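Read off the chains here:
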Amino acid sequence: MRPGILNPLFTEVEALKGVGPQVSKQLKKLGIERVVDLLYHLPTGSIERIKAPAATAALLGRIVILELTPFDTRDSRSGRGPSRIFANDSDGNAISLVYFNNPGWAKRTLPKGEKRIVSGKLEQYGDEWQIIHPEVAEPGKGPPLIREPVYPLTEGLTNRRLGELVREALERAPELAEWIEPSLAARECWSAWRASLARVHHEPGAEDSRRRLAYDEIFANQLALMLLRQSQRRHRTNALPGTGELIRRLDLPYQLTDAQRRVIREIRGDLAQMTPMLRLLQGDVGSGKTLVAVAAMLTAVESGAQAAMLAPTEILARQHHATLLKQLDSIGVRVAILTGREKGRARDSVLMGLADGSIDVLVGTHAIFQEKVAYKQLGLAVIDEQHRFGVSQRLLLASKAEHPPHLLVMTATPIPRTLTLTQYGEMDVSRIDEMPPGRTPVETRVISEEKLAEVINGLGRHISGGGQAYWVCPLVEESEKSDAAAAEERARVLKLRFGEDKVGLVHGRMKGAGKDSVMARFASGELAVLVATTVIEVGVDVPNATLMIVEGAERFGLAQLHQLRGRVGRGTGKSVCLLIRGQNLTDVGRARLSLMRETSDGFRIAEEDLRLRGPGEILGTRQSGEDAFRVARAEDVAELAPIAQSDALLLLDRDGGLKGERGQAARVCLYLFERDQAVDLIRSG
Ligand code: ADP
Ligand code: MG
């Protein structure tokens, strides 16, 4: 139960003055539904106004507040040009107030002979001084603020109105007991939570206050992850020592790399314990993670347990299923697949096989962890391509069973060390830092979109020589609909050129079956070109495809480009990646693309991606999904996460039940950032 002190913050915005259905709908567009969301809707800057007794030349170009008395008006001539109202300041200077529309309303708010407080940018026009579309108030009634924070807005909502709502929200905000270690707060000169919030809104440049709020968020995240780890460590589960028997019988056409061997050893060491494993396996695209997962799953099967492998997409689940069937069927391990598309009989038979233990290994999408799916003895869960899944999902998975399964999470997203700490702080980490031998590095070229015709000619030569290629279309905006439209258009053009039956199209809005059949035709070599939005980003393996073309490359994150490039260079032949860039490239954009040309080291790319995103960029919305921070920026995370981690550790060391004064405050912090599930994991007693 959320502590009562937070109730005023978690009430709906409708509770605020003058917020009806319409305003609340506008606020919702900004992600603001409750009072707390308003508090964390931080300004991006501020307007500074100068209050002056009279206009002077020194004030030209500044935003001023003046007391003026209108004395004359000049209407727009025959509807062309603006209308003007002339007013005097206390020194008798005439200032022209300019209106491009609504002259009647302007005259009513600025009646002749009556004093008004007028604010706006003072400009010179010919030999007149003027203010265009000033803000006007009657003396004594809500004069403009000297310093007004500027908020991200949406259609129909003014900055002034939003500012008022934030101020009302601030008034409702309670004082909260401090959860930050006193010595840390003192060292950083941080004020209390409420004061910091108020200051960030009133003085948008107040960096120390903003940093404190970012710290709160990072701290809540660290504490939640640590609680998860502790709870996982408290659980007992079945040890899966394995025998090595099945793994020995695997028929592999290649030798394991040293890195694969080392990582498999680490995982088997964990599985042999009665404490559930919680391990992250990082390995660049193509480094051979699947085989490591196979070894882990076989260890579970050797020990008499079942294993399940969760893939983020249908396509990937089917591909894994095919790989596993090929490797495991011959050694007597029974493999099945379960996704949203298995229905009726097929589904029932899988469910039965899981319950009676006749299925050893299950592959699928999240359907495999639904309530209704009962395993005889699930010993190991492998989650592939973790970045699509959030912390909360992991929390759920870990806390559900009485004997929770050992957990192996695999990701090809090379996460920088600093971020690994925050996003996976609770996990042990294994890294595959070596590629299988015999791979030729992918040659990367950056080409201007003006040369699109040449690129298409090159593609023609590539496929007439028997090659296959991916063509990835740009992200138009944050909408699958328009992304799909761009891809459809590109596919149409390429089909005209190369033939209807040579070019396939997949995008995020296609249904599973349609998508899979196109992918299958590409994998079998029937299609020469696969046009796609980023749905192919994850995991797909077609060794004969050796050309990757990415349109609008500057619009992708570097980590994403790296993933895309990883789709080629999977066979022994030489592969090429063409990054097509738009014409208005910024310096940062240029630097990012040349980094792609320079290196194929995923970890370096990830570190640079973080650096080149520059300050102000909030941790990727599209990439980190539900884990995105509200306040903390990438550079805050890099700097503050280690501090937050040791602070959280220390706190839990002294007060594991979070019962003391600071412990209680920290609970409030967890609720404030909606880590409710983590609070449920706090040790009782
Ligand atoms: P990822 O880490 O991206 O999931 P995969 O597991 O799909 O990579 O492996 C990529 C390709 O490398 C597969 O075709 C796989 O058979 C092959 N592979 C894996 N391990 C080795 C190895 N030790 N030597 C050679 N090829 C390997
Ligand atoms: Mg993979």
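Provided above is the structure to which this section pertains.
To keep things clear, this report deals only with the structure shown in the data block. (Residues numbered from 1 in each chain as written. Chains lettered and ligands numbered in written order. Predicted model: local features only at pLDDT ≥ 70, side-chain atom pairs only at ≥ 80, totals over all residues. Heavy atoms only, no water.)

### With respect to the overall build of the protein
At step 1: Along the protein, the regular secondary structure elements total 24 helices and 22 strands.
At step 2: When each of the 685 residues of the protein is scored for burial, the buried share is 53%.
At step 3: In the protein, once contacts between residues fewer than 6 apart in sequence are set aside, the share between residues at least 24 apart is 72%.
At step 4: On the protein, roughly 30700 Å² of surface is accessible, and the fraction owed to carbon and sulfur atoms is 51%. (Helix = DSSP H or I, 4+ residues; strand = E, 2+ residues; numbered from the N terminus. Buried < 20%, exposed > 50% of the residue type's maximum accessible area, 1.4 Å probe, protein only. Contact = heavy atoms within 4.5 Å. Areas by Shrake-Rupley, 256 points an atom, 1.4 Å probe, with all protein chains shown as cover.)

### Things to note about the site of ligand 1
At step 1: As a structural note, the neighbourhood of ligand 1 is formed by 16 residues, with Gln255, Gly286, Lys289, Thr290 and Arg439 the closest of them.
At step 2: Between ligand 1 and serine 287 there is a distance of 3.4 Å, counted from an oxygen atom to a backbone nitrogen or oxygen.
At step 3: In this structure, an oxygen atom belonging to ligand 1 sits 2.6 Å away from a side-chain N or O atom of threonine 290.
At step 4: Coverage of ligand 1 by the protein amounts to 80% of the 570 Å² it exposes when considered alone.
At step 5: Of the residues in the shell around ligand 1, the class split is four nonpolar, seven polar and five charged. (Near = heavy atom within 4 Å. Polar contact = N/O pair within 3.5 Å; in protein donor to acceptor, adjacent residues only side chain to side chain. Nonpolar A, V, L, I, M, F, W, Y, C, P; charged D, E, K, R; others polar.)

### A closer look at the sheet that holds strand S20 (residues 529–532)
At step 1: Spatially, six strands are ordered S17-S22-S21-S18-S20-S19 in an open sheet, and the strand pairing comes out parallel. Both edges of this open sheet fall to strand S17 (443–448) and strand S19 (503–506), since each of them pairs with a single strand only. Within this sheet the neighbouring strands show an average axis-to-axis angle of 20 degrees, counted without direction.
At step 2: When strand S21 (residues 545–550) meets strand S22 (residues 576–581), the two strands line up parallel, connected through four bridges. For leucine 547, the partnering residue across the bridge sits in S22 and is valine 576.
At step 3: Contacting S17, strand S18 (468–472), S20, S21 and S22, helix H15 (residues 452–464) crosses the sheet at an angle of about 150 degrees to S18.
At step 4: Running at roughly 150 degrees to S17, helix H19 (residues 587–598) makes contact with S17 and S22 of the sheet. (Pairing = 2+ DSSP bridges. Axes fitted to C-alpha atoms, helices over the stretch in contact; angles between N-to-C directions.)

### A few points about the sheet that holds strand S10 (residues 278–283)
At step 1: In space, the seven strands of this open sheet follow the order S12-S13-S11-S14-S15-S10-S16, with parallel pairing throughout. For this open sheet the edge positions go to strand S12 (335–338) and strand S16 (428–432), each flanked by a neighbour on one side alone. Across the sheet, the axes of successive neighbouring strands diverge by a mean angle of 20 degrees, strand direction being ignored.
At step 2: Across five bridges, strand S14 (residues 378–384) lies against strand S15 (residues 406–411) in parallel orientation. Of the residues in S15, the one forming a bridge with aspartate 384 is methionine 410.
At step 3: Its contacts with the sheet put helix H11 (residues 314–328) on strand S11 (306–310), S12, strand S13 (361–364) and S14, and the angle it makes with S12 is roughly 170 degrees.

### Considerations on the nonpolar core
At step 1: Core analysis: the biggest nonpolar cluster contains 65 residues, and Leu9, Trp179, Trp193, Phe219 and Leu672 have the highest contact counts within it.
At step 2: In terms of residue count, helix H7 (residues 207–234) provides more of this core than any other element does, 10 residues in total.
At step 3: The contacts of tryptophan 179, once residues within four sequence positions are left out, are Trp193, Arg212, Asp216, Phe219, Arg662, Ala665, Ala666, Val668, Cys669 and Leu672.
At step 4: Counting 34 residues, the second largest nonpolar core, distinct from the first, contains Ala259, Ala305, Leu408 and Ile432. (Core = buried A, V, L, I, M, F, W, Y, C linked by side-chain atoms within 4.5 Å.)

### Here's the deal with unusual backbone geometry
Leave glycine aside and you will find that most residues have negative phi; peptide bonds, for their part, are mostly trans.
At step 1: A positive phi is found at cysteine 189, a non-glycine position, where the angle reads about 55 degrees.
At step 2: Within the secondary structure, cysteine 189 sits in the loop between helix H5 (182–188) and helix H6 (193–202).
At step 3: Taking relative accessible area as the criterion, cysteine 189 reaches 59% and is therefore assigned exposed.

### Thoughts on the packing of aromatic side chains
At step 1: Counted by the stated rule, this structure contains six aromatic pairs.
At step 2: With a centroid separation of 6.0 Å and an interplanar angle of 15 degrees, the aromatic rings of tyrosine 215 and phenylalanine 219 are classed as stacked. Taken together, the residues tyrosine 215 and phenylalanine 219, both in helix H7 and four residues apart, mark about one turn of the helix. The pair tyrosine 215 / phenylalanine 219 is uniform in exposure class, with both members buried.
At step 3: Members of the aromatic cluster, joined through ring pairs, are Trp190, Tyr215 and Phe219.
At step 4: In this structure, arginine 2 packs its charged tip against the face of phenylalanine 10, placed 3.8 Å from the ring centre. (Phe/Tyr/Trp six-rings, centres within 6.5 Å; stacked < 30°, edge-to-face > 60°. Lys NZ or Arg CZ within 6 Å of the ring centre and 35° of its normal.)

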